[in-house]
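Fold and geometry: a report
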Amino acid sequence: EVTVEGYYHSTTTSTTDYGTTIRVDLAHPEDTYTKYVGCEMAEPIPEETESLMVANRAGVQIRGTVAGESFGNVALENCVVVHP
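The text that follows walks through the structure, step by step, so that each part is easy to find. Remember, it's a predicted structure, so these values are computed and weren't measured experimentally. (Residues numbered from 1 in each chain as written. Predicted model: local features only at pLDDT ≥ 70, side-chain atom pairs only at ≥ 80, totals over all residues. Heavy atoms only, no water.)

As for the nonpolar core
If you look at soluble globular proteins, the nonpolar side chains tend to sit buried side by side. Formally: For our purposes a nonpolar core is just a set of buried Ala, Val, Leu, Ile, Met, Phe, Trp, Tyr and Cys residues, chained together by side-chain atoms within 4.5 Å. Think of it in three bands: residues with accessible area under 20% of the maximum for their type are buried, residues over 50% are exposed, and the middle band is partly exposed, with areas taken using a 1.4 Å probe on protein chains only. Secondary structure elements are taken from DSSP: a helix is a run of H or I of four residues or more, a strand is a run of E of two residues or more, and numbering for both begins at the N terminus.
By size, the foremost hydrophobic cluster in this structure holds 14 residues, and its most contacted members are Val-24, Leu-26, Cys-39, Met-41 and Ile-62. Among the secondary structure elements, those contributing two or more residues to this core are strand E1 (2-16), strand E2 (19-28), strand E3 (31-41), strand E4 (60-70) and strand E5 (73-83).

So, the pairing of E2
Quick reminder of the rule: Two strands make a pair as long as DSSP finds a minimum of two bridges between them.
Here nine bridges tie E1 to E2, and the two strands are oriented antiparallel to one another. Along E2, the bridge assignment pairs Thr-11 with Val-24. In sequence, E1 turns back onto E2 through a hairpin of two residues. The pairing of E2 with E3 spans six bridges and is classified as antiparallel.

Structural notes on the sheet that holds E2
For the record, the criterion: Lines fitted to C-alpha atoms define the axes, with helix axes restricted to the stretch in contact, and inter-axis angles between N-to-C directions lie between 0 and 180 degrees. In this description, contact between two residues means that some pair of their heavy atoms is separated by no more than 4.5 Å.
As summarised here, the arrangement of the five strands in space is E1-E2-E3-E5-E4, forming a closed barrel in which the pairing is mixed. Averaged over neighbouring strand pairs, the angle between their axes works out to 45° when direction is ignored. Across the face of the sheet, helix H1 (residues 47-55) comes into contact with E1, E4 and E5 while running at roughly 125° to E1.

Looking at the side chain of Asn-73
Formally: By the criterion applied in these results, polar contacts are pairs of N or O atoms within 3.5 Å in which, for protein atoms, one can donate a hydrogen and the other can accept it, and in which residues neighboring in sequence qualify only through two side-chain atoms.
Within the secondary structure layout, Asn-73 lies in strand E5. The buried category is assigned to Asn-73, whose relative accessible area is 15%. In terms of polar contacts, Asn-73 uses its side chain to reach the backbone carbonyl oxygen of Lys-35, at 3.4 Å. If we skip the residues at most four places from it in the chain, Asn-73 touches Arg-23, Lys-35, Tyr-36, Val-37 and Gly-68.

Below, the structure written as structure tokens:
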């Protein structure tokens, strides 16, 4: 389990026959257009937390378990937002 800090890039929600997956992507503060870490969230993100991440994109901290790579980026699973 690790905690990563980065620049909030985006949140993606995917719904399939297997359920709903919420993924938060983080970038580097000096390269805000490139995704570096993808975090599959353990549960839905509260609306207030999502709003705080969008308003204050730098310094978002997320804790999760390293799961490998996804689209060439570090992939974390069972993630929770530590600091929006």
